[in-house]
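Chain by chain, the residues run as shown.
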Amino acid sequence: MVAQNIAFGIISGIVVFSALRMVTTRNIVHSALFLVAVLAGLSGQYVLLAAEFVATTQVLVYIGAVMVLFLFGIMLTKAPIGKSMEMTGTQWPIAAGVALMLGAVILYSLIDQFGSDRLTEGGKIYRTADVGDEVFSTYIIPFEAISVLLLAALIGAIVLARKD
Amino acid sequence: MEALLAFTRPPLDWHALAPELTLLAVGTILTLVDIIWDEKSKQVMPTLAGVGLLAGLVPILTLALDGTDRAMFGGAYMVDDFALVMKALFLIVGYIIVLMSVDYIRDGDYYENEYYTLMLTSLLGMLMMASSRDLISVFVALELLSIPAYMMAAWRKGGRRSNEAGLKYYLMGVFASAIMLYGMSLIYGLTGSTSFSSIASAMALNDGVTAMSILGVLFVLIGFAFKVSAVPFHNWAPDTYEGAPTPVTAFLAVASKAAGMVALIQLVFVAFDNHEVIQPFFWLIAALTMTVGNLIALRQTNIVRLLAYSGIAQGGFMLVPFAVAGQASERALQAIVIYLIIYAFMNLGAFSVVLAVSRKTRSGELESFGGLFQYAPGLAVAMTIFLAALAGIPPAGGWFAKFGLFRALLDAGGAWAATLGVVVAINTVIAFAYYARVLGQMWFQPIHEGDERPIKLTSALGSALVIALVATMAFGILPGLVGHFGEVAVLSTLGR
Amino acid sequence: MTGDPLFHDGVDLVDIGIMGLKVVVAFGFLLVATMFMVWFERKLISDMQNRIGPNVAGPWGLLQTFADGVKFFFKEDLRPENADPLVFRLAPYISAVTAFLSFAIVPVGGVFKDVPGTTGTVNIFGRETFLQVADPPIGILLLLAMSSIAVYGIMLAGWSSGSKYPLIGSVRASAQAISYEAALGMSVVAVVILAGTLSTHDIVAHQAGGINTWFLVTSGVIPFIVFLIAATAELNRPPFDLVEAEQELVGGFHTEYSSIRFALFFLAEFMNVITMSAIMVTLFFGGPAGPIFFGLTWFWPTIWFMSKVMVFLFIFVWFRATLPRLRYDQLMDLGWKVLIPLSLFWLMFISLKELRASNDWNWIATYAAAAGGLLLGGTLLITALRAGDRAYQKDSEDA
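1. Topic: the overall build of chain C
Step number 1: If you tally the helices and strands in chain C, you get 13 helices and two strands.
Step number 2: Against the compact-globule benchmark of 21 Å for 399 residues, chain C has a radius of gyration of 23 Å, which places it among compact chains.
Step number 3: Seen along its three principal axes, the alpha-carbon backbone of chain C occupies a region of about 65 × 65 × 45 Å.
Step number 4: Here chain C, with 399 residues, has 46% of them falling under the buried criterion.

In structure tokens form, the structure reads like this:
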């Protein structure tokens, strides 16, 4: 358990640092890359919780698809190398204040609720097969609905994006 | 192999899913017809979509005649009387909006086939919402109904305002979704379950008032407050309503808002039992929404914006019964359902008239209604009836909705309910002021730009108008009709 | 009990040592194999083009790659002035690291019997263990995850160079990778459905009963063909090497790279070729399965594995020597309109086959339904594609 805790600490540090840099960096591509680092770090935390399937899905979906498309979009439009000053608006102190307050509230509620709880070792580990069974039984309706949603989103996106 | 064999097929109740499946099938057929006949299919698209929506009513009828509550997946997907009433409402509203869209979309030469496909998808999400008793289903249903709506709001691609409408709606929508998801994750972490009934029992065990449960519940409710454009989460609504194509505006103001209300109903009456948190929240939100919506509506000069703010205020009225959900749960639920049904018809009617008038005047300003009575007396009378309904003047339908509201407040009793009742009363008076301004324009002002040509109503728009008019009047004169729906629309307590 | 038997009864220092050894051996093996792969490719292409190829350094030019490597190492490391310094340095490592990581899940040896989970082990220092660096329960998904991260290496290299040719190359690369990842994943799913597991070790164990149990045969060849094509595209190998189309883009994404950083990209590319070949052998050709003749029993499976990989290495070079590069729209058409529908259909067909077997359905009815579905789906697909072409033509006439 010690190894897991050390790994958890290191990964958390990386995630927090990357998250902070993500909003403070003045280069949009760097910002996206720090977001990748945050997502990758979360994927590492999932591995520590013995949820490999969620971890790989996180990599496949967020890093492999969503963020690639982000970067793709940035590169196709404009991708300045170096700093761009307009990245940070003038209202950032207010935003920072709101974020801090929200963070404090959430942190308080989490500590209040789970502050003294410990993760029990040797609990049931949910394998990929279990996830699949759940998706195709209990959550079959939302699952199918998502496929309809993706189709609709695709149709709409093509209509809106195509040149007339 | 072992894993594959261990899987048991989920028990699916095909009859209970029939309305959704019908809609899905019609959506698919629409896409296929579009692919195969291409340009030629444009003529039949609205007909197909309309017929499909009415076809969806058939299984709802058979389910209603059957009368048993059907629960799937341990109560995660429930087809009870409440769901049936709401599904029927969504389908009828969808049908009316298809009727309203036909000429608008055709004249503007927008992408017709895709428009109806997206609308059906969105309606499918609403049907799903009415049955979802599970956090994941609710969220997926919300996205399924919202994402096509974001794109429909931007459907007039050439117009700056429409783009603004779509973008604003989208950004605020995703923001709200993010907040809601965070709340859902907190609730899941707290209760270890996504199903409403288990959440309710787990929260009851925890006394329901830890910091985290309050936070989780508030986040989820705030997410839906965005959806129903409750103040202070309403800023997207006026710009989106004004910029979006008018039939889409009607869709957002009626169907989309109703879906948000349905979700709130399910959350408040099934999942969240901690009324000591929920009731003050809704008290505040309802009072704010009514007052702010009405006060801003007073100053509007654009008819669509006016209807947008009036819609916000009406949303506030609908939120009122939530504030007494604990003391008078049955009455409160009835009041919301009745309000939703009546609101749908009277608002759709008002939007139909606006559509008809703006087809001629090409303007959304209030002045364009000037002297309407002199060249289009029928429309003027219809609009008068709809506005009277919205203001709550008998015999037009709206009065019964307000009556239900007060009845729920009276049932609950107590100082808080009484003060809220006073706020409702004051707001009803304010609302009357700006509805009267529109009436004044129509009946007493000179004709807009001196253009006296009569307004030609197309058959589709005319039908929409007639349906809305008949329903509004019928609900006003025979309130028992809608009252009956309100009474049967009980949430099933299966699996609780 | 699944997973590597090495970890079944706690972890001690010997286990960690064995693990370290495996990593070092696998890495060394890949490096050396890459070196010879480069030589192999150059030599083979020369043969196919009636040239001699490298023949100076070492016997038959065998040491040519080594000499190149040393030369790269001592060259000046140039960085363009507009380049983004950090990302420019980071990109080659992403490419190289992901290339190596995917190889970790490939079982390179061990005698497999038809009983999954227990066989395929060898004995090192008195411990039973698998001959693969890692056997995570998500197994083959790791390959997909790594190939999706590998895109970053190329994409960031192109962007951070601050120059237009690399940027165009990298944009092409990411579009290509995303398009073909779907087909690649779908053909992997076909195998996963048949095997009922994601673990590469178990997938290999399922194919231990001779050639007719190889997934190449039981999945009906089509997933393999799709995988081969999609893998070639993922690797940016000819005929899908639009990323570095020399005639249009100078050198593509690595135009601005020089010295050891260029060598890293080079290394990653060839490492990926070897890894993909190894994965194909694992998924479709029974991995290390094969007859054992005499002597050391652990020796033969590894030999079989390597020979199978060699065949694919040859095929990749062969592709390069014979096939002309696709145009960009042809590339996209092939990916979206042919491979993805094909693999989707085949996936459904395989599922149907499995369902029929487990539910005892009438096979005539089942396959008649499948044929009907194929006919209907195919007709719709072709109609849709025709409609798309028509719309495209109309648009280009209007413009």
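Once the structure has been displayed, the description carries forward.
2. Concerning the overall build of chain A
Step number 1: Secondary structure assignment for chain A yields six helices and zero strands.
Step number 2: In chain A, the succession of α and β elements from N to C terminus is α-α-α-α-α-α.
Step number 3: Dimensions of chain A, computed from C-alpha atoms along their principal axes, come out at roughly 55 × 40 × 25 Å.
Step number 4: By the burial criterion, 22% of the 164 residues in chain A qualify as buried.
Step number 5: For chain A, long-range pairs separated by at least 24 residues make up 59% of all intrachain contacts whose partners lie at least 6 apart in sequence.

3. Observations regarding the nonpolar core
Step number 1: L89(B), M129(B), Y339(B), L340(B) and I342(B) are the most contacted members of the largest nonpolar core, which has 220 residues in total.
Step number 2: When residues of this core are assigned to their parent elements, the largest contribution, 22 residues, is made by helix α14 (residues 329–361) of chain B.
Step number 3: Not counting residues within four places of it along the chain, the set of residues in contact with M129(B) comprises V138(B), A141(B), L142(B), L145(B), A259(B), V262(B) and A263(B).
Step number 4: The next biggest cluster of nonpolar side chains, apart from the first, holds 126 residues, and it includes A83(C), A91(C), Y152(C) and A233(C).

4. Some points on the interface of chain B and chain A
Interfaces are often described in size by the accessible area the parts lose on coming together.
Step number 1: Taken together, the contact pairs 30 residues of chain B with 26 residues of chain A.
Step number 2: Every element with two or more residues in the side of chain B that touches chain A is listed here: α5 (112–131), α6 (135–153) and α9 (211–227) of chain B.
Step number 3: A total of nine residues in the side of chain B that touches chain A trace back to one element, the largest contributor, which is α6(B).
Step number 4: Along the lines of polarity and charge, the residues of the side of chain B that touches chain A split into 23 nonpolar, four polar and three charged.

5. Comments concerning the packing of helix α1 (residues 2–24) of chain A against helix α2 (residues 28–48) of chain A
Helix packing geometry: the angle between the two helix axes and the distance between the axes.
All names here are of chain A.
Step number 1: As a packed pair, α1 and α2 sit with axes 8 Å apart at the nearest point and diverge in direction by 160°. The angle between α1 and α2 places the two elements in the roughly antiparallel class. In the crossing of α1 with α2, the sense of the turn from one axis to the other is left-handed. Here Q4, A7, F8, I11, I14, V15, S18, A19, R21 and M22 of α1 lie close against α2, whose contacting residues are S31, F34, L35, A37, V38, G41, L42, G44, Q45 and L48.
Step number 2: Looking at the contact of α1 with α2, its residues break down into 13 nonpolar, six polar and one charged.

6. A word on the domain arrangement of chain C
Residues and elements named next belong to chain C.
Step number 1: Looking at chain C, the domain boundaries give domain 1 (5–13 + 79–351) and domain 2 (362–399).
Step number 2: In this structure, domain 1 and domain 2 have C-alpha centres spaced 31 Å apart.
Step number 3: Counting residues at the interface gives four residues for domain 1, matched by five residues for domain 2.
Step number 4: In the side of domain 1 that touches domain 2, the residues fall into three nonpolar, no polar and one charged.

7. Looking at the domain arrangement of chain A
Step number 1: Segmentation of chain A into domains returns domain 1 (1–81) and domain 2 (126–164).
Step number 2: For domain 1 of chain A and domain 2 of chain A, the distance between their C-alpha centroids amounts to 23 Å.

8. Focus on helix α16 (residues 377–391) of chain B
Residue and element names in this part refer to chain B.
Step number 1: Its 15 residues place the ends of α16 21 Å apart at the C-alpha level, agreeing with the 21 Å of an ideal helix rising 1.5 Å per residue.
Step number 2: Along α16, twelve of the 15 residues are buried, which leaves the element largely enclosed by surrounding structure.
Step number 3: What α16 keeps buried is the set L379, A380, A382, M383, T384, I385, F386, L387, A388, A389, L390 and A391.
Step number 4: In this fold, the buried residues of α16 make contact with α13 (303–319), α14, α15 (372–375), α17 (398–412), α18 (414–444) and α19 (459–477).
Step number 5: Among the residues trailing α16, G392 stands out with phi positive, at a value near 95°.

Cut-offs and rules
Residues numbered from 1 in each chain as written. Chains lettered and ligands numbered in written order. Predicted model: local features only at pLDDT ≥ 70, side-chain atom pairs only at ≥ 80, totals over all residues. Helix = DSSP H or I, 4+ residues; strand = E, 2+ residues; numbered from the N terminus. Rg over C-alpha atoms; globule rule 2.2 N^0.38 Å. Buried ≥ 20, exposed ≤ 12 C-beta atoms within 10 Å, placed from the backbone. Contact = placed C-beta atoms within 7 Å. Core = buried A, V, L, I, M, F, W, Y, C linked by C-beta atoms within 7 Å. Nonpolar A, V, L, I, M, F, W, Y, C, P; charged D, E, K, R; others polar. Axes fitted to C-alpha atoms, helices over the stretch in contact; angles between N-to-C directions. Parallel < 35°, antiparallel > 145°, perpendicular 65-115°, else oblique. Left-handed = near helix turned anticlockwise from the far one by under 90°. Domains from an automatic or database assignment. Expected span 1.5 Å × (residues − 1).

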